[in-house]
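The lines below spell out each chain.
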Amino acid sequence: MAFCASAQAFTDSSPFVMLSTAKFAPSNPAQLQTESQVVKTVQDLLSSCPTDRYLLVAQPNVNAADIRGPDGGDCKAPNLCRAIAGSDVRGVYSVAEVVGEVPISTLADYIKTACAGKTVEIEQTRLAPLGRDTRERASTLADNDYALGRNLETLRSASDSYTVIYLASPSEPTYQAEFTGEPLHAELKRHEASLLHARKDKNETDWNKLPLFEKYVFFSPGVFHAIVASIILFSILGVAIRALASLEIPYGAFDKENGPAAHKKSQ
C-alpha cells in the first residue's frame, strides 16, 4: 500500500483502499488518480460480483499521511494495514491520492446492480470525521481504527467471501469571509466595538450614551411597536365596552305593540 509522505502535497485528496478475498485483475497502479478513474476501476473489478459480503467504510477528512505517518513510518491504522496484508486477502486495489470525492452511495448502488440475482449483503459504516488538531486527528483515527477492526472481525467470522472498501472525503477547506466593500467592513467593526467595549457605570459612560435598542437588545423595535399597538387597541375596546354599558332602554319599549293588531286598535 503506497501511502507515502508525498501525500501531504495534495490537501484536497484522500486515500482509497479496496481489499477482497477474490483475486483482482491488473488495474491502474498510479497513486494519483481522479475520482472518476477510481470509480471506473472499482466498477470493472466488481462487475462480476466476486464476493458474498461487502463492507463500505467512510472516513471523512483523512489523508494518506494520517495513515502512514508524516515520515512514511509505521502504519497509524494497524487494523486496516493488517487487513490488507491478511493471508485470506487475494486482491488489493489502493490509491494513495484520489483527487475528488468518491461517493459511497454510488459504489453501493453499483454493487447492488452488479449483484442482481445473487444473495449478497452490503454494509455501510461511517466513522467519525478527523479534526484539524494533530493530536485530535491521531486520537480519533486510533478510535476509528479500533471500531474498524471490530467490524472486520465480525465480517471474517460471518463469511470467507468478502470485500472491504475504505474511502475518505477530502479535507474540508477553511472558509474566510472577504469583504469587498471596505466602508461596510469598517461600519461593522465600529458597531461591534461599540457593543463590546461599552461598560455600564454609575457615571456618564459609553454605556449610558448608547441608544435604547442597542443597550437592551431584547427590547427590539418590533416588540416596542407591538406594545404600543396593543395599548391603542385595548383603549378602543375599553371605550366601546363603556359605551355599551351606558346605554339605557326603558322596559316599556319592550311592551309596546308595533304589529298589525296595534294599528287596528289605533284606528
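All of the points below concern the structure found in this document. Computed from a predicted structure; not experimentally measured. Starting afresh in each chain, residues are numbered from 1 along the sequence in its written order. Residues qualify for local features only when their pLDDT is at least 70, as the model is predicted, and side-chain atom pairs are given and counted only at 80 or more; totals for whole chains, interfaces and linings, by contrast, use all residues. As a convention, hydrogens and water are excluded, and side-chain values are obtained from all of the structure's heavy atoms.

### A closer look at the pairing of strand S3 (residues 53-58)
- Whether a residue is buried, partly exposed or exposed follows from its accessible area with a 1.4 Å probe, protein chains only, as a fraction of its type maximum: under 20%, in between, or over 50%, in that order. Numbering goes from the N terminus for both helices and strands, where a helix is a DSSP run of H or I of at least four residues and a strand is a run of E of at least two. Most of S3 is tucked away: six of the six residues are buried.
- Burial along S3 is two-sided: Arg-53, Leu-55 and Val-57 facing one way and Tyr-54, Leu-56 and Ala-58 facing the other are all buried.
- Here S3 runs beside strand S5 (residues 121-126); their pairing, made up of six bridges, is parallel. The residue bridging Leu-55 from the neighbouring strand is Glu-123, located in S5.
- In this structure, S3 lies alongside strand S6 (residues 162-167), joined through six bridges in parallel fashion. Bridged to Leu-55 within S6 is Val-164. Being paired, for any two strands, means DSSP has found at least two bridges between them.

### So, the sheet that holds strand S1 (residues 13-20)
- Spatially, the six strands line up as an open sheet ordered S2-S4-S1-S6-S3-S5, and their pairing is mixed. Looking at the sheet topology across the chains shown, the edges are occupied by strand S2 (32-34) and S5. Each neighbouring strand pair of the sheet contributes to a mean axis angle of 25 degrees, computed without reference to strand direction.
- Its contacts with the sheet put helix H4 (residues 104-114) on S1, S3, S5 and S6, and the angle it makes with S3 is roughly 170 degrees. Only the stretch in contact is used when fitting a helix axis, every axis being a line fitted to C-alpha atoms; angles between N-to-C directions are given from 0 to 180 degrees. Two residues form a contact once any of their heavy atoms are found within 4.5 Å.

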